[in-house]
Amino acid sequence: MTGFNRSDDGRILSIAEGEECLSHSQLNRLEDSFREWAEKPIRDDVRLSRLSVLLIFLLVRYTGAKLSEVLSINIHTDLDWARRLVIFRSNGNESAEPREVHISQSLADEIRGKIDTLKSHKESERLLDLDPGFVRRKFYERALECGFPKRLGGPEAIRKARGVELMQSNIPLPAVQMMLGHSTPNLTSSYVAFSKDEIQAVAQRFLEKESGRKTSARNSFFGKVSEILRGDIQTRVVMETLEGNSIITVITNDSLERLGLSSGRLITAEVKAPLVILHGGEASPKCSTENRLRGVVTRITNGEVNTEYIVKISETTEICALVTSSPSSPFELNVGDCAWALFSCSAVVLHVD
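Residues numbered from 1 in each chain as written. Predicted model: local features only at pLDDT ≥ 70, side-chain atom pairs only at ≥ 80, totals over all residues. Heavy atoms only, no water.

1. A few points about the overall build of the chain
Selection criterion: Numbering of helices and strands starts at the N terminus; helices are DSSP runs of H or I of at least 4 residues and strands are runs of E of at least 2. Only protein chains enter the area calculation, which uses a 1.4 Å probe; residues under 20% of their type maximum are buried, those over 50% are exposed, and those in between are partly exposed. Residues count as neighbours in contact if any of their non-hydrogen atoms are within 4.5 Å of one another. The Shrake-Rupley method, run with a 1.4 Å probe, gives the accessible areas here. Residue values count only the displayed protein chains as cover.
Within the chain, the regular secondary structure consists of 9 helices and 15 strands. For the chain, the proportion of its 353 residues judged to be buried stands at 48%. Excluding contacts between residues fewer than 6 apart, the proportion of contacts in the chain whose partners are at least 24 apart in sequence is 62%. Accessible surface, the chain as shown: approximately 17,500 Å² in total, 47% of it carbon and sulfur.

Structure follows, in structure tokens:
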């Protein structure tokens, strides 16, 4: 699942194979269409059928699961409300390990309430086991109602769109791969190994942020502590991300104790855009800045006061830098140029759950 790119108009996203999928805003429009359609005053039997289709859409849209996986859900064994998990099992392969996908608290509450409504009319372990052809037709109808091409409203297209949406939210690629049941994540870090539970924790944190309608900071890194060097007054902390980048910060010893940091602890590091310095060129700049991340300039937004530069350092991570817009400034970078994002250890702020 690599090679996702943002289109020039920002509305349709291109996938490596040249296919298209809906953008985040279009997925939300499609979801609104499903909700309005399901809530229209109609006969009870039709209303329950529409409610089932809405549930199937929500599960495909937010877990990125295949339609066949969703239709096979056993409401008694495959929905873990306490841990907010949807469990997908490999039909016909008893030895395959089930895939557990986290959902947000708000989504879990909504799905549970809607399932209780369905159960009040029909008790069955397979409440969502509808005819696949019927479900696909309803998906296509909603897409056309929104003015989208029919093919972009199918379950497979929505699954791909969810993958793009997650990656654009800066969720590390290994976490996206695990959520969608793709190949075993290939962790590039030579120093830190992330367990399955730790990768799931990454996804869970982002999903809760997403459900709260909070925008993920572009200069946000998630990983775990790999090194702590304590001094008399301050402590040097090194964090390794899922994608193999090292982020170095210096905090006070009081902050070390207050945050409860220790080797292996999962943390988030954030850097404000005005504190990021850009340096063009392939070679690493000769300077004393502790944090250096190499990437490619993907977008430049010119303003009267500042110019915003977006530097892509991995498949799922972008760094934003703000540079003063001055006619006399010799600074010059163009889209497609190699660039280094530099920031000092004192510019990094650490967060823990």
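2. Let's talk about the environment of R50
Note the following rule: Here a polar contact is taken to be a pair of N or O atoms separated by no more than 3.5 Å, where protein atoms must pair a possible hydrogen donor with a possible acceptor and residues adjacent in sequence count only if both atoms sit in side chains.
Mapping R50 onto the fold places it in helix α2 (residues 44-63). On the basis of relative accessible area, R50 is assigned to the buried category, the value being 17%. A C-alpha to C-alpha distance of 9.0 Å links R50 and K138, two positions 88 residues apart in sequence. Within the structure, R50 has its side chain in polar contact with the backbone oxygen of W37 (distance 2.8 Å).

3. Concerning the environment of L67
Within the secondary structure, L67 is located in helix α3 (residues 67-71). Its relative accessible area of 4% is what places L67 among the buried residues. Remark: the alpha-carbon pair of L67 and V135, spanning 68 residues in sequence, is separated by 8.9 Å. With residues near it in sequence (within four places) discarded, L67 still touches I56, P132, V135, R136 and P155.

4. With respect to the sheet that holds strand β11 (residues 291-302)
Going by this rule: Strands are labelled as partners when DSSP assigns at least two bridges between them. Geometry is summarised by axes, namely lines fitted to C-alpha atoms with helices restricted to the contacting stretch, and by angles between N-to-C directions that run from 0 to 180 degrees.
With antiparallel pairing, the 5 strands of this open sheet are ordered in space as β10-β14-β11-β12-β13. For this open sheet the edge positions go to β10 (277-280) and β13 (318-324), each flanked by a neighbour on one side alone. Along the sheet, successive strands turn relative to each other by an average axial angle of 45°, direction set aside. Taken together, the 4 bridges between β10 and strand β14 (residues 338-343) define a ladder with antiparallel strand orientation. Residue pairing across strands places H279 opposite W340, the latter belonging to β14.

5. A short note on the packing of aromatic side chains
We count it as follows: Here a Phe, Tyr or Trp ring, Trp counted by its six-membered ring, pairs with any other such ring whose centre lies within 6.5 Å, and the pair is stacked when the planes are under 30 degrees apart, edge-to-face when over 60, and tilted otherwise.
The final tally for this structure, using the stated rule, is 5 aromatic pairs. An angle of 15° between the planes, with centres 4.3 Å apart, marks the rings of F34 and F57 as stacked. Residue F34 is found in helix α1 (residues 24-39), and its partner F57 is found in helix α2; the two are separated by 23 residues along the sequence. In this structure an aromatic cluster arises from ring pairing among F34, W37, F57 and F139.

6. Here we look at the pattern of salt bridges
A side chain of one charge can pair with a side chain of the opposite charge when the charged atoms of the two come close. The criterion, for reference: For this analysis, a salt bridge means a side-chain nitrogen from Lys or Arg found within 4 Å of a carboxyl oxygen belonging to Asp or Glu.
All chains considered together, the criterion is met by 18 salt bridges. The salt bridge partner of E31 is R61, with a shortest N-O separation of 3.2 Å. With E31 in helix α1 and R61 in helix α2, this residue pair connects regions lying 30 residues apart in the sequence. The class for E31 is buried, based on a relative accessible area of 6%. Using a relative accessible area of 1% as the deciding quantity, one classes R61 as buried. Two residues, D78 and R89, come together in a salt bridge whose shortest N-O distance is 2.6 Å. One end of the pair, D78, is in the loop between α3 and β3 (79-80); the other, R89, is in the loop between β4 (85-88) and β5 (99-102), with 11 residues separating them in the sequence. With relative accessibility at 4%, the residue D78 sits in the buried group. Counted as one network, the salt bridges with shared partners bring together E31, R35, R61, E110, K114, R162 and E165.

7. Section: the nonpolar core
Rules: Here, the term nonpolar core denotes a set of buried Ala, Val, Leu, Ile, Met, Phe, Trp, Tyr and Cys residues that are joined through side-chain atoms within 4.5 Å.
The biggest cluster of nonpolar side chains holds 63 residues, and the ones touching the most others in it are L30, F34, I56, V70 and F139. The greatest single-element share of this core, amounting to 11 residues, is contributed by α2. Leave out the neighbours within four places in its chain, and F34 touches V53, L54, F57, K138, F139 and R142. One finds I267, V271, I319 and A321 within the second-largest nonpolar core, a separate group that totals 29 residues.

8. A closer look at the sheet that holds β5
An order of β3-β4-β5 is seen for the 3 strands of this open sheet, with the pairing classed as antiparallel. The open sheet has two edge strands, β3 and β5, and neither has a second partner. Here 2 bridges tie β3 to β4, and the two strands are oriented antiparallel to one another. Paired with L79 across the strands is V86, a residue of β4.

9. A word on the packing of helix α6 (residues 155-168) against helix α7 (residues 173-180)
Any two packed helices are characterised by the angle at which their axes cross and by the distance between the axes. The test is simple: Orientation categories follow fixed angle ranges, with anything under 35 degrees roughly parallel, anything over 145 roughly antiparallel, 65 to 115 roughly perpendicular, and all other angles oblique. By the definition used in this description, the sense in which the near helix is turned from the far one sets the handedness, with an anticlockwise turn below a right angle giving left-handed and a clockwise turn giving right-handed. Nonpolar residues are Ala, Val, Leu, Ile, Met, Phe, Trp, Tyr, Cys and Pro. Charged residues are Asp, Glu, Lys and Arg, and all others, Gly as well, are polar.
Look at α6 against α7: their axes get within 10 Å of each other, and the N-to-C directions meet at 155°. Accordingly, the angle class assigned to the pair α6 and α7 is roughly antiparallel. Here α6 and α7 pass one another in a crossing that is right-handed. Judged by residue contacts, R159, G163, L166 and M167 of α6 engage L173, V176, M179 and L180 from α7. Partitioned by chemical class, the residues of the contact of α6 with α7 number 6 nonpolar, 1 polar and 1 charged.

10. Considerations on the pairing of β14
Within β14, 5 of the 6 residues are buried, which leaves the element mostly enclosed by the surrounding structure. As defined by bridge partners, β11 adjoins β14 across 6 bridges and the pair is classed as antiparallel. Considered in β14, the bridge of R294 is made with W340.

Everything listed is a geometric property; what it means functionally is a separate question.
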